[in-house]
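Below, each chain spelled out in residue letters.
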Amino acid sequence: MQVGNPMNHGRGEHLIARTAVLVGSTEVATRHAARYLELIDTHPDLAEDWDRAFAHEAMARALAMAGDRDRARSELLEAEKLCSLIAEDEERVIVETELVREPWFGLRS
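Calculation criteria
- Residues numbered from 1 in each chain as written.
- Predicted model: local features only at pLDDT ≥ 70, side-chain atom pairs only at ≥ 80, totals over all residues.
- Heavy atoms only, no water.
- Axes fitted to C-alpha atoms, helices over the stretch in contact; angles between N-to-C directions.
- Helix = DSSP H or I, 4+ residues; strand = E, 2+ residues; numbered from the N terminus.
- Parallel < 35°, antiparallel > 145°, perpendicular 65-115°, else oblique.
- Left-handed = near helix turned anticlockwise from the far one by under 90°.
- Contact = heavy atoms within 4.5 Å.
- Nonpolar A, V, L, I, M, F, W, Y, C, P; charged D, E, K, R; others polar.
- Phe/Tyr/Trp six-rings, centres within 6.5 Å; stacked < 30°, edge-to-face > 60°.
- Buried < 20%, exposed > 50% of the residue type's maximum accessible area, 1.4 Å probe, protein only.
- Core = buried A, V, L, I, M, F, W, Y, C linked by side-chain atoms within 4.5 Å.
- Expected span 1.5 Å × (residues − 1).
- Arc of directions from axis to C-beta.

## Description of the packing of helix α4 (residues 69–84) against helix α5 (residues 89–100)
- At a minimum axis distance of 9 Å, the contact between α4 and α5 shows a crossing angle of 160 degrees. For the element pair α4 / α5, the angle class is roughly antiparallel. With respect to the hand of their crossing, α4 and α5 are arranged in left-handed fashion. Within the contact between the two elements, α4 uses L76, A79, E80, C83 and S84 and α5 uses R92, V95, E96 and L99.
- Tallied by class, residues from the contact of α4 with α5 come to five nonpolar, one polar and three charged.

## Focus on unusual backbone geometry
- Across the junction of E102 and P103, the peptide omega takes the value 10 degrees, indicating a cis bond.
- Even without being a glycine, F105 presents a positive backbone phi close to 55 degrees.
- You can see F105 is positioned in the segment after α5.

## Topic: the packing of aromatic side chains
- As enumerated under the stated definition, the model contains one aromatic pair in all.
- Their ring planes at 80 degrees and their centres at 6.2 Å tell us that W50 and F54 sit as a pair that is edge-to-face. Highlighted residues: W50 and F54, both in helix α3 (residues 49–66), separated by four residues, approximately one helical turn. Of the two residues, W50 and F54, neither departs from the other in class, the shared state being buried.

## Here we look at the nonpolar core
- Counting 26 residues, the largest nonpolar core has V95 and L99 as the members making the most contacts within it.
- Ranked by residue count, the leading element in this core is α3, at nine residues.
- Counting five residues, the second-largest nonpolar core is a separate cluster that includes A20, A29, A62 and M65.

## Description of helix α2 (residues 26–42)
- With 17 residues, α2 ought to run about 24 Å at 1.5 Å a step, and its terminal C-alpha atoms sit 24 Å apart, in line with that.
- All buried positions along α2 are accounted for by A29, H32, A33, Y36, L37, L39 and I40. Along the long axis of α2, the arc covered by the buried residues comes to 160 degrees, so they all point the same way.
- For α2, the secondary structure elements touched by its buried residues are α1 (6–23) and α3.

As structure tokens, then:
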């Protein structure tokens, strides 16, 4: 919190959410994914176009792990839509690569 800006904090929230998914901590994953989305909403001028896609991706994984398939699917569709809008090809490919990477807890078949 001493260095950088709120989006640096948000990206840290994403990493925590993704790590929580990998270790099976649903509540932690959901809380940190929600915090990333909140930081983006609070500081939209600081967010890159890929931030929102990654935030929805993290929320989709957390919800899928929790068994909330309908909300998870909605979040995943939003992440995919936002990914398609990323201006820089290289950045879009990074997000696309993460979107196909497991775990998806059966959400993607």
